[in-house]
Amino acid sequence: MSLSKKSTVIVENLRKKQMREAISTGKRLDERSLDEIRPIEIELDVIKKANGSAWVKLGNTEVVAGVKVETGEPFEGLENSGALIITAEVLPIASPHIEPGPPDEETIELARVVDRGVRESEMLDLKKLVLVPGKIVYTIFVDCSVINVDGNLLDATSYAVVSALASCKLPVFEIKDDKVVDTGKTQEPPITTLPVSITTVKIGDYLISDPTTEEEACMDARLTITTNSKGSIVAMQKGLKGSFSIDDVKSIADKAIIKGEGIRGKLKGMINIG
Amino acid sequence: MQEVKRKYVIPGDIVAEGNLRPLVNVFKNGNSIVATRIGITESNQDGAKVIPLSGIYFPRANDIVIGKILDHSSLSWSVDINSCFAAHLPAQDIFGRDFSPAHDDMGRQLSTGDVIVARIAIFDRTRDPILTIQDKDLGKIPTGELIKISPTRVPRLIGKRGSMIQTIEHASSTRVTIGQNGIIVVSGKDKEGTTLAINAIHMVEVEAHTSNLTQRIKQLLNVPESEIENDDAQTSVSSDPTINQDEINSNSKDKEMGMINSNGSK
């Protein structure tokens, strides 16, 4: 049972009934169809001191991601790979239901799911980010702040991280006299693919994509699927205690691939990469 | 008809100068009346005030509000009234003076997520507002479509002496329950009428500060020209002070034209 604070969002019984009736007719309360994703807006380089940053607006949900590149020791067992660390926090200004303090269960899950999508898709070729094998590697931090909550933080944060990473400029470090020196030059990050996550939730017997906060308060189960540029599934996360049938999962996976391709096209256009 | 002067202001702007009484959303600084909210000014012989264009709901005693039951303790329900204050509905309000937490099951009367229309019985800013549902037309709302608008648009939605809302109710054959806190429940026999009423309410919310709104609402609702004239005459006078306090809304074209005069001569 989740002890998360966000689960305290209470939707009026009248509104729940309205939502269920609307969904059963194929429309949602905000006039979207069941699998329609809210408009996405992306602004790049919003944080001047970061190596890359992106501000993503998915409907009313807003997330800012910043990339900072440093050098450090590689992770144990991954001596020949750069280090990638993705964190997320939901700021108290983002919603009346968020309190300051250590991250709650859902926020920890948010960072982990977004991290998994980027890591498992091998979006960044971390093997190219090694300076001295086993000793000094590039360490890339991607820190996300959710600044407005209106549902589907998983996808919005994922798009913010992918946009920030894909548009960042890595500083060129060199080793001189056993010391790391910043040459002042920059290089493109070694991007291999663009992972896109699509979250689908189940309310009653219906599957809906990109839920709002209200819809999330009524959902029985949630499934997030991340696909790469080839349309292969690279990561999945199921949430809540409700269940999906095999057919549900197949249908969600198909949608994740098709919708993911559409969003990837948008991201490419907005980030200006090929 | 007394002359009404209007202009748009932001906090700190001077609303009027002279020996006027500061009414609402303004303060007096020497000989000037200064605005404390973004809105439209209004000054006449009675004093000067600002009618806000944005903002949260601030509770006032005797306001009718629509609230959502969040939870209950052994003595009261806590109710979300779309404000910075959480309201409380005492259990004694429903069970009477002989209420006993040991014998009366509060969860059976009102449970989490239920929607109630209530009156703010007591509110003095030092403690959270206390609600009551012991009055005509108050209590749990069993059916209807719930929508939310900005609380600052509520007076415009009601209209002068309730004219706007009566027009909407009449044309869409629905019953609209409006809370001063911006929560509205629309109940009607058919889906079509309810949708029409909801569209009209959203239009009022978006275009509350524009001129000729009443005419456009009537066009949206397909009110025949002959009825447009009759509507004003039929409107009953409401004793609700919150309705009368709204002077920006008016069916009279003159007043509406005056309202958009942002240069508003002083």
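Cut-offs and rules
- Residues numbered from 1 in each chain as written.
- Chains lettered and ligands numbered in written order.
- Predicted model: local features only at pLDDT ≥ 70, side-chain atom pairs only at ≥ 80, totals over all residues.
- Helix = DSSP H or I, 4+ residues; strand = E, 2+ residues; numbered from the N terminus.
- Contact = placed C-beta atoms within 7 Å.
- Nonpolar A, V, L, I, M, F, W, Y, C, P; charged D, E, K, R; others polar.
- Axes fitted to C-alpha atoms, helices over the stretch in contact; angles between N-to-C directions.
- Parallel < 35°, antiparallel > 145°, perpendicular 65-115°, else oblique.
- Left-handed = near helix turned anticlockwise from the far one by under 90°.
- Pairing = 2+ DSSP bridges.
- Core = buried A, V, L, I, M, F, W, Y, C linked by C-beta atoms within 7 Å.
- Buried ≥ 20, exposed ≤ 12 C-beta atoms within 10 Å, placed from the backbone.
- pLDDT = per-residue confidence, 0-100.

Turning to the environment of Leu131 of chain B, a few remarks are in order. Residues and elements named next belong to chain B. Position of Leu131 among the secondary structure elements: in strand β11 (residues 130–132). Taking the C-alpha atoms as reference points, Leu131 and Leu89, separated by 42 residues in sequence, lie 4.9 Å from one another. With residues near it in sequence (within four places) discarded, Leu131 still touches Gly67, Val79, Ala87, His88, Leu89, Ala118, Arg119, Ile120 and Ala121.

Time to look at the interface of chain B and chain A. Across the contact, eleven residues belong to chain B and seven residues belong to chain A. At the level of elements, β7 (64–72) and β13 (145–148) of chain B are the ones that each hand at least two residues to the side of chain B that touches chain A. A breakdown of the residues in the side of chain B that touches chain A according to their chemical character gives five nonpolar, three polar and three charged.

A word on the packing of helix α5 (residues 191–207) of chain B against helix α6 (residues 213–220) of chain B. Residue and element names in this part refer to chain B. Where α5 contacts α6, the axes come no closer than 10 Å and their chain directions differ by 155 degrees. Taken as axis vectors, α5 and α6 run roughly antiparallel relative to one another. The handedness of the crossing between α5 and α6 comes out as right-handed. On the side of α5, the interface is formed by Asn199, Ala200, Met203, Val204 and Glu207, while α6 contributes Leu213, Ile217 and Leu220. Of the residues contributing to the contact of α5 with α6, the split by class is six nonpolar, one polar and one charged.

All names here are of chain A. Where helix α2 (residues 105–120) meets helix α3 (residues 153–167), the axes come as close as 9 Å, and the angle between the chain directions of the two elements is 50 degrees. Overall, the two elements α2 and α3 adopt an arrangement that is oblique. As α2 packs across α3, the resulting crossing turns out to be right-handed. Of α3, the residues touching α2 (which contributes Leu110, Val113, Val114, Gly117 and Val118) are Leu153, Leu154, Thr157, Ser158, Val161 and Val162. By residue class, the composition of the contact of α2 with α3 is eight nonpolar, three polar and no charged.

Residue and element names in this part refer to chain B. If you trace the three strands from one edge of the open sheet to the other, you get β2-β4-β3, paired in antiparallel fashion. Edge positions in the sheet fall to β2 (14–17) and β3 (26–29), since each has one partner strand and no second. For this sheet, the mean inter-axis angle between neighbouring strands, taken without regard to orientation, is 25 degrees. Relative to strand β4 (residues 32–35), β2 runs antiparallel, the two sharing three bridges. Bridged to Ile14 within β4 is Val34.

This part covers the nonpolar core. In terms of nonpolar packing, the biggest core is built from 52 residues, with Ala160, Val161 and Leu165 of chain A touching the most fellow members. Considering each element in turn, this core owes the most residues, ten residues, to α3 of chain A. Residues in contact with Val161 of chain A, not counting those within four places in the same chain, are Ala65, Ile86, Val114, Val118, Val142 and Cys144 of chain A. In terms of nonpolar packing, the next biggest core, distinct from the first, is built from 41 residues, Val65, Ile81, Met106 and Ile184 of chain B among them.

One rule of thumb: low pLDDT means the predicted coordinates there are not for detailed reading. For chain A, per-residue confidence averages 90 on the pLDDT scale, and residues scoring 70 or more make up 97% of the total. Counting interchain partners and residues more than four positions distant, the pLDDT-below-50 stretch residues 1–7 of chain A has twelve contacts.

Residues and elements named next belong to chain A. A sheet is described by the order of its strands in space; here four strands give the open sequence β10-β9-β11-β12, paired in antiparallel fashion. The open sheet has two edge strands, β10 (206–209) and β12 (233–239), and neither has a second partner. Recorded for the sheet is a direction-independent mean angle of 20 degrees between the axes of neighbouring strands. Bridge count between strand β9 (residues 196–203) and β10: four bridges; the pairing is antiparallel. Bridge assignment links Ile203 to a residue of β10, and that residue is Tyr206. On the sheet, α3 packs against β9 and β11 (221–227) and is oriented at approximately 175 degrees with respect to β9.

Right, let's get into unusual backbone geometry. Residue and element names in this part refer to chain B. Notably, Asn82 is not glycine yet its phi reads approximately 60 degrees, a positive angle. Checked against the element boundaries, Asn82 lands in the loop between β8 (76–80) and β9 (86–90). Here Ser173, not a glycine, exhibits a phi torsion of approximately 50 degrees, which is positive. Judged by the 14 C-beta atoms lying within 10 Å of it, Ser173 is partly exposed.

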